[in-house]
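Close look at the chain arrangement
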Amino acid sequence: MSAVLSKKVCLIGDFAVGKTSLVARFIHNVFSDKYLTTLGVKIDTKTVEPETGVSLKMIIWDIAGADRLSTADRNYLRGADAYLLVVDGTRRDTLIAALDLKQAVDRMLGDIPFVLLVNKSDLQSDWEITTQDIDLLKDRNWAVLTSSAMQGDNVELAFTLLAEELTKP
Amino acid sequence: MTLPFEIARKLRQLATDRLRPLVLIIDRNMRLSAWSGDAEFYGFPAINVGDDAQQTFDFLTGVDSKEAFDLPFVAMPNGLYAHVDIIPGGQYLYAVLMDSSEEHARQQELQQKANELALLHYTQTALMKELEKAKQLADEASEAKGRFIASMSHEFRVPLTSLLGYCSLLRERWQDHQQDLQHLDAIDRGAKHLMALINNVLDQARIEMDETVITPESADLLLIANDIRSVFEPIAAQKKLAFKFAISNEFARQVLVDDTRLRQVLINIVGNAFKYTQEGSVTVDMRWHEGRLRVVVTDTGPGISYQQQGHVFKAFKRADQSGQSGAGLGLSISKRLVELMGGELSLVSEPGAGCAFIFDLPAPEVNHSADEEAAAVIVNEGKVAGQAGVILLAEDNDDIVELIRLYLSEAGYELLVARDGEQATQLALEHQPDLILMDMNMPKVDGFTATRQLRDSGFDNPIVALTASPMDSDRARARQAGCTEYVLKPIEMAQLVALAERLTTANA
Ligand SMILES: Nc1nc2c(ncn2[C@@H]2O[C@H](COP(=O)(O)OP(=O)(O)O)[C@@H](O)[C@H]2O)c(=O)[nH]1
Ligand SMILES: [Mg+2]
């Protein structure tokens, strides 16, 4: 078998922000509004061909969400190459949780590529997170996107951005 | 001790059955070098020695072989969950998979409930916040409405004050002009009616704003009863209705009650009876017994059906749309006022059988001192201008100034007049009047500020706040500023003279 480049990508964020839904949209192009709590980890793979021309097998770890990292979470995160940090635009708390989680991940894994997704953009009228908040995050030179797992907006793009980052020569 | 072979075999069998262990042995190049157990059970049907372990078993991505760790719940290709132990051992790396599907299901269910609850709580809190906000907005709007009504009523009361005042002045002067007096009475009635309507609107606004409106003071119950009787006698005569007015033998004179509010309730209820009764009679029965006043007002009007009885006490609703005048507030306010005075107002009626309004409220007797009685006697004759004292009137409405000047100079006072608060302070400090009558709502410097300035400069003769604003907050502000008393417009001129006499003699 030819050695395809494969990388471990984790989804990190508080519960019910849409991590599982983003993966389902990306891999299977489906969405369900039923909430089924993730416990443990579900691993999916998808091979992508980003602009960089190198094809990449993304091994996507959808981990149970919480506002802090447990020992089990740390084990699931071992050896991650990149991550999607997910926030629910309708719950301001989840942004605070994401910032805490990012610090913990940075300490554990060092400076690895990530994209911050402010999800549920289809519910923008109910958002507690403002464009001002998002601008402040962008000011830190972070890759920040608003997304909707429901409508598919920016889901593909988020994973592609990570893939490009991971296949840079 | 070492377990007997049979037992050890049994236990191994049990563990194998329950945990379905699959042991993977992986070499340094991450190739599968051997395995033990049922790989197919976890959804790996075709594995071979030499396979790239990380390609086949995606939970091995990123694993280095330095330390042991475990992954409690990893979803397998066929949907089962496995507990995965990674154990480095010299040349090889071992991965041990055990079925954790049941435990996963149990914990997943618990976690699901906890998360759903947390989400619900979050939504609820957000909703509560929204509600709070909406409520605050509504409160603000209702308060703004109240303020608007209050200030509008204020505007109306000022001209009415002079209208009523001049009516009574002219009545005194025109003793001999029968015809003119009749016209004057018509004006007077109209103005009083208007004032009563405005007072009702204003009270409704105050009740909605939760302003307390009751101030019980020593009041003459018999005087109130007689006044009510004389207000309605001409109306009874005009409508050709019999008017029976009964007072119980036992009847305290001085009682602790809000004089104005009691009169207002009586006028509303008796007035209502006259309004709706076209023939027959209106009866007022007042009884005082053991500190309580009980009033029954009966009429022979059309009566009110049981269904409509619930509506008559609601603001802006009337039992019928008979084209009668009135804002439909009188009964609702009366009920509220009686309740605020600690009593109850009820209605007994049947269509065709008239109405009986009954109320009952505390009116404890007060034993008034001889002093008070003496002070209440108004000596109003043989006064020389300036002899009784000097009064400073701070008021910007010319008509009211003239009216007050007439009455006070007749009572022997010298009157100084200031048109605004600034002038008032200046004149007061210069002339040290015995009493200041201070309008609170004046141009430049208002009465509150002027009073405070005077008190700060050591002026300590009485200052009476004159105002058309019945808001309790204004009353409190006036007290705080240093006002001795608070008089609500329209001012009865005789009352004003009595007040001046009381305050100037007390001061002398
Ligand atoms: N409206 C909307 N709902 C979403 C979106 N993404 C996820 N959800 C819903 O949010 C809930 C939680 O999603 P899930 O993917 O399980 O969140 P996770 O706990 O982060 O994995 C589910 O009810 C989803 O249907 C989105 O983009 N828009
Ligand atoms: Mg999930």
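Further up the page is the structure itself.
Attention in this report is confined to the structure presented alongside it. Because the structure is predicted, anything quoted here is derived from the model rather than measured.

Residues and elements named next belong to chain A. Not every one of the 20 residues close to ligand 1 is listed here, only the nearest: Ala16, Ser21, Ser32, Asp122 and Ala149. A distance of 2.9 Å separates an oxygen atom of ligand 1 from a polar atom in the backbone of Gly18. Considered on its own, ligand 1 offers 570 Å² of accessible surface; in the complex 91% of this is hidden by protein. The element contributing the most residues to the shell around ligand 1 is helix α1 (residues 19-28), with three residues. Each residue belonging to the shell around ligand 1 can be placed in one class, and the counts come to eight nonpolar, six polar and six charged.

In this section: the coordination of the magnesium ion (ligand 2). Residues and elements named next belong to chain A. Each protein donor to the magnesium ion (ligand 2) is listed here as Thr20 (OG1) and Thr38 (OG1); together their distances run 2.0 to 2.2 Å. Separated by 18 residues along the polypeptide, Thr20 in helix α1 and Thr38 in the loop between α1 and β2 (41-48) bring together distant segments of the chain. Accessibility expressed as a relative area gives 19% for Thr38, which makes it buried.

Listed per partner, the contact involves 27 residues of chain A and 25 residues of chain B. Taking both partners together, chain A and chain B bury about 2300 Å²; carbon and sulfur atoms supply 59% of that area. Looking only at chain A, the three residues that lose the most surface to chain B are Thr37, Leu39 and Arg78 of chain A, adding up to 28% of its buried area. Run the count over chain A and chain B and you get one salt bridge. Put simply, Arg78 of chain A and Glu67 of chain B hold a salt bridge, and the shortest N to O gap is 3.2 Å. Mapped by element, the contributors of at least two residues to the side of chain A that touches chain B are β2, β3 (56-63), α2 (71-77) and α3 (92-109) of chain A. When residues in the side of chain A that touches chain B are grouped by element, the largest group, four residues, is from β2 of chain A. In the side of chain A that touches chain B, the residues fall into 13 nonpolar, six polar and eight charged.

Right, let's talk about the nonpolar core for a bit. General note: in soluble globular proteins, nonpolar side chains tend to be found buried as a group. Formed by 57 residues in total, the largest nonpolar core has its most connected members in Trp61 of chain A together with Phe59 and Leu97 of chain B. Ignoring sequence-local partners within four residues, the contact set of Phe59 of chain B consists of Ile43 and Trp61 of chain A together with Leu24, Phe44, Leu71, Val74, Met76, Val84 and Leu97 of chain B. Judged by nonpolar contacts, the second largest core, of 44 residues, contains Leu241, Val297, Leu331 and Phe359 of chain B.

Residue and element names in this part refer to chain B. Across the sheet, five strands lie side by side as β7-β9-β10-β12-β11; this open sheet has mixed pairing. Here the strands that pair on one side only, and so sit at the sheet edges, are β7 (242-247) and β11 (344-349). Going across the sheet, the axis of each strand differs from the next one's by a mean of 10°, ignoring polarity. Strand direction decides the pairing type here: β7 and strand β9 (residues 281-289), joined by six bridges, are parallel. Across the sheet, the residue bridging to Lys244 is Thr283, located in β9. Here helix α8 (residues 330-340) sits on the sheet and contacts β11 and β12 (355-362); the angle it forms with β11, its principal contact strand, is near 135°.

The next subject is the pairing of strand β1 (residues 22-26) of chain B. Residues and elements named next belong to chain B. By the alternation rule, side chains of β1 split into Leu22, Leu24 and Ile26, which are all buried, and Val23 and Ile25, of which none is buried. Direction of pairing for β1 relative to strand β5 (residues 92-99): antiparallel, over a ladder of five bridges. Residue pairing in the sheet places Leu24 in a bridge with Ala95 of β5. The pairing of β1 with strand β2 (residues 32-36) spans four bridges and is classified as antiparallel. Within β2, the residue paired with Leu24 across the bridge is Trp35. Linking β1 to β2, which pair antiparallel, is a turn of five residues; within it Met30 sits at a positive phi near 60°.

Rules of the game
- Residues numbered from 1 in each chain as written.
- Chains lettered and ligands numbered in written order.
- Predicted model: local features only at pLDDT ≥ 70, side-chain atom pairs only at ≥ 80, totals over all residues.
- Heavy atoms only, no water.
- Near = heavy atom within 4 Å.
- Polar contact = N/O pair within 3.5 Å; in protein donor to acceptor, adjacent residues only side chain to side chain.
- Areas by Shrake-Rupley, 256 points an atom, 1.4 Å probe, with all protein chains shown as cover.
- Helix = DSSP H or I, 4+ residues; strand = E, 2+ residues; numbered from the N terminus.
- Nonpolar A, V, L, I, M, F, W, Y, C, P; charged D, E, K, R; others polar.
- Donors = N, O, S within 2.8 Å, 3.2 Å for Na, K, Ca; no water.
- Buried < 20%, exposed > 50% of the residue type's maximum accessible area, 1.4 Å probe, protein only.
- Contact = heavy atoms within 4.5 Å.
- Buried area = accessible area lost by both parts, 1.4 Å probe.
- Salt bridge = Lys/Arg side-chain N within 4 Å of Asp/Glu carboxyl O.
- Core = buried A, V, L, I, M, F, W, Y, C linked by side-chain atoms within 4.5 Å.
- Pairing = 2+ DSSP bridges.
- Axes fitted to C-alpha atoms, helices over the stretch in contact; angles between N-to-C directions.

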